[in-house]
Amino acid sequence: MRGTTVPPGTPCPPPRAGELPMHRLEVAEPPAPPFAIGTFDEIGPLSRAEFPHRHTFHELLHVTGGTGAHVVDTARWPLRPPHLGVIAPGQVHQWADVRGLTGHVVLFTDDFLLDYPADRERLRRLSERPWLALDARADDDVSRLIAELTDEYRRGDEGADSVLRALVHVLVVRAGRLPGTPEAPPAPAGAVAAEFARLTGRPDLGLWSVRAHADRIGVTPGYLTEAVKAATGRTAAQLLREARIREAQRFLLRTDLTVRQVASRVGFADPAYFCRFFRRETGLSPGDFRRGGEIHHD
């Protein structure tokens, strides 16, 4: 996807006023795949960033040591390693009061999943509960896969790209089997519903209506509504309302934007209407949410 990767050493562009930093994946020129793996130290300071930011890529975190917390969107997750974390493109996250952080980071774009396109939907579901505790058996399983990925990536032998894709596929599928991960929709309705879910996770695209999503996908609004309903049991409009609320919550908690500016960022020309919408969906005014909206997990 254009703009998701940059050559090594390219600085992050400064965000516009009120926006969150957007980090892109550094990869060598083609034919190098849009993929990287390493320890937190090897990936660099941005892998331990203590300020809110987004990515254009997927990030899998295997945390083996450390104290503090990992904050994803509106939730604060305490570090009690081992953990597996899953951060999707567009999600907002940061580390908080972290000491002694150890483990590995796996980075890749949507393009890297071309051999296993269904993994995009798996990763989206995993990102709904992005912080998983691992028991001893699961940690051993993840550790073995991370070791194989690291070895294959460093050696760069012939066919390494396909091996890396296969190993990431195994890691994603097995992560989806861990306790606490959201279940797959009971009646998948195909690529249309999956693409809708992917687009609602991309707030940077500014698609805030069912019609805008349908136009982007290339179907009618009615067909999109039927496909999403069949796949999820919920309407496209309901899922889109949740996506708008989620993005508004990110801005309210992680930026200094005014309520009027937040309303504009999520597609509301009228701040008063946005406030009514926000209260109806969350039970709180935007101001009340900003003062106490972060969720702390035990």
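Look up a bit, the structure's there.
Residues numbered from 1 in each chain as written. Predicted model: local features only at pLDDT ≥ 70, side-chain atom pairs only at ≥ 80, totals over all residues. Heavy atoms only, no water.

Trainee: Explain the pattern of salt bridges to me, please; I cannot follow it from the model alone.
Mentor: Throughout the structure, instances matching the rule amount to 18 salt bridges. Between R122 and D119 there is a salt bridge, and its shortest N-O distance comes to 2.6 Å. Of the two residues, R122 and D119 both sit in helix α2 (residues 118-126), 3 residues apart, roughly one turn of that helix. Judged by relative accessible area, which is 27%, R122 ranks as partly exposed. Salt bridges sharing partners connect three or more residues here, namely R54, D73, E247 and R250. (Salt bridge = Lys/Arg side-chain N within 4 Å of Asp/Glu carboxyl O. Helix = DSSP H or I, 4+ residues; strand = E, 2+ residues; numbered from the N terminus. Buried < 20%, exposed > 50% of the residue type's maximum accessible area, 1.4 Å probe, protein only.)

Trainee: What is the right way to read the environment of S127 from this model?
Mentor: Turning to its location among the elements, S127 is positioned in the loop between α2 and β10 (131-133). For the pair S127 and H58, spaced 69 residues apart in sequence, the C-alpha to C-alpha distance is 9.6 Å. Residues within four places of S127 in sequence aside, it is in contact with V86, A88 and Q91. (Contact = heavy atoms within 4.5 Å.)

Trainee: Would you mind showing me how to read the pairing of strand β4 (residues 35-39) here?
Mentor: Side chains on a regular strand alternate between the two faces of the sheet. Of all 5 residues that make up β4, 4 are buried, and the element is covered over most of its length. In this structure, β4 lies alongside strand β9 (residues 93-108), joined through 5 bridges in antiparallel fashion. The residue bridging T39 from the neighbouring strand is H104, located in β9. (Pairing = 2+ DSSP bridges.)

Trainee: In this structure, what is going on with the packing of aromatic side chains? I would like to understand it.
Mentor: The relation between two aromatic rings is expressed through the spacing of the ring centres and the mutual angle of the planes. Under the criterion given, the structure shown has 10 aromatic pairs. A ring pair is formed by F268 and Y273, whose centres lie 5.6 Å apart and whose planes are at 50°; its orientation type is tilted. Classification of Y273 by relative accessible area gives partly exposed; the value is 39%. Of the aromatic side chains, those joined through ring pairs into one cluster are F268, Y273, F274, F277, F278 and F289. For R244, the ring lying beneath its charged end belongs to F277, and the centroid distance is 6.0 Å. (Phe/Tyr/Trp six-rings, centres within 6.5 Å; stacked < 30°, edge-to-face > 60°. Lys NZ or Arg CZ within 6 Å of the ring centre and 35° of its normal.)

Trainee: Looking at this structure, I do not really get the environment of R246. What am I missing?
Mentor: By secondary structure assignment, the location of R246 is in helix α8 (residues 236-254). Residues R246 and T74, 172 residues apart in the sequence, show an inter-C-alpha distance of 8.4 Å. Sequence-distant contacts of R246, defined by excluding residues within four places in its chain, comprise D73 and T200.

Trainee: How do you make sense of the nonpolar core when you look at a structure like this?
Mentor: Ranked by internal contacts, the top residues of the largest apolar core, which has 25 residues, are F35, F108, L149 and V168. For this core, the secondary-structure elements that each account for two or more residues are β4, β8 (83-87), β9, α2, α3 (136-155) and α4 (160-175). By residue number, the principal contributor to this core is α4, which donates 6 residues. Contact partners of V168, with chain neighbours within four places excluded, come to F35, F108, F112, L113 and L149. (Core = buried A, V, L, I, M, F, W, Y, C linked by side-chain atoms within 4.5 Å.)

Trainee: I keep staring at unusual backbone geometry and nothing clicks. Help me out?
Mentor: Most peptide bonds adopt trans geometry, and most residues besides glycine take a negative phi value. With an omega of 5°, the peptide bond between P81 and P82 qualifies as cis. Non-glycine residue D73 carries a positive phi angle of around 55°. Note that D73 resides in the loop between β6 (58-72) and β7 (75-78). Overall, D73 belongs to the buried group, its relative accessible area being 9%. The phi torsion at D97 lies on the positive side, around 55°, for a residue other than glycine. Relative to the helices and strands, D97 is located in strand β9.

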